[in-house]
Amino acid sequence: MGTPDFIRDLRSSIGRQLLWLPGVTAVVFDDQGRILLGRRTDTGGWAVIGGIPEPGEQPAETAVREVFEETAVRVVPERVVLVETTPPIHYPNGDACQFMDVTLRCRAVGGEARVNDDESLDVGWFSLDALPQLDEHALTRIKRALDAGPTWFRGMDKSPAGDPAVARQGATEGAPG
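Because the structure is a prediction, the values reported are computed rather than measured. Sequence order as written defines residue numbering, which begins from 1 separately in each chain. Where totals are concerned, whole chains, interfaces and linings use all residues; where local detail is concerned, this predicted model gives features only for residues with pLDDT of at least 70, and gives and counts side-chain atom pairs only at 80 or more. Side-chain measures were taken over the full set of non-hydrogen atoms in the model, leaving aside hydrogen atoms and water.

## Section: the pairing of strand 5 (residues 73-85)
- In this description, strands pair whenever DSSP reports at least two bridges between them. Helix and strand definitions here come from DSSP, where helices need a minimum of 4 consecutive H or I residues and strands a minimum of 2 consecutive E residues; each element is numbered from the N-terminal end. Bridge count for strand 5 against strand 7 (residues 96-111) is eleven bridges, and the pairing is antiparallel. Of the residues in strand 7, the one forming a bridge with Val83 is Val102.
- The sheet contact formed by strand 5 and strand 9 (residues 152-153) spans two bridges and is parallel. Bridging from a neighbouring strand, Leu82 pairs with Trp152 of strand 9.

## So, the nonpolar core
- Grouped together as the largest cluster of nonpolar side chains are 14 residues, with contacts concentrated most on Val27, Ile35, Leu37, Val48, Leu134 and Ile142.
- Only strand 1 (19-29), strand 2 (35-40), strand 5 and helix 3 (136-146) provide two or more residues apiece to this core.
- Note on contacts: a residue pair qualifies if any of its non-hydrogen atoms lie within 4.5 Å across the two residues. In contact with Val48, other than residues within four places in its own chain, are Thr25, Ala26, Val27, Ile35, Leu37, His137, Ala138 and Ile142.
- Buried Ala, Val, Leu, Ile, Met, Phe, Trp, Tyr and Cys residues form a nonpolar core when they are joined through side-chain atoms within 4.5 Å. In this scheme, a residue with accessible area under 20% of its type's maximum is buried, one over 50% is exposed, and one in between is partly exposed, where area comes from a 1.4 Å probe on protein chains only. In terms of nonpolar packing, the next biggest core, distinct from the first, is built from 13 residues, Leu36, Val73, Val75 and Val123 among them.

## With respect to the pairing of strand 1
- Burial within strand 1 is extensive, with nine of its eleven residues counted as buried.
- Bridge count between strand 1 and strand 7: eleven bridges; the pairing is parallel. Counted as the bridge partner of Leu21 is Phe99 from strand 7.
- When strand 1 meets strand 4 (residues 49-51), the two strands line up antiparallel, connected through three bridges. In the strand pairing of strand 4, Val24 is matched with Gly51.

## Structural notes on the environment of Gly50
- As for its placement among the helices and strands, Gly50 is situated in strand 4.
- In this structure the C-alpha to C-alpha distance between Gly50 and Ala26, which are 24 residues apart in sequence, comes to 5.8 Å.
- Those residues within four positions of Gly50 in sequence are excluded, and the remaining contacts are Val24, Thr25, Glu66 and Glu70.

And the structure:
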């Protein structure tokens, strides 16, 4: 599918200047503990699956849609892994974007992994001890998806006073259990 129409419309007005967007990343595991990755057409690199929500679309719906559109794999979102503002990204075509990323851990429930659109050069399942070269964005999300801990928020790993224990307590207050 590529760039959503609403972004093309925005770009026709604002050109290539920095665009602030929501983003959703899906870290997908199968029942063998392997991770689903796609090799992107825009960079040629391997990456976790992600995309931009359509206006009004919920993050979990975006994860399900993006994974299927790009890989033909059906998933069920299990939990929020992290919420983070990414650094600005400058694409080869000159566009600049910055994302508020919500990363979800997802479980594969069907479909056969294959290239399913024009955004991927290749798609595959990888064991954690045989991952291809990945950028820090992907590695951070995989690491956090493997953690059993609560959702991770950048900047909240220490309190304003510098006491990590206070930040951990604040991250779990109001949590069930």
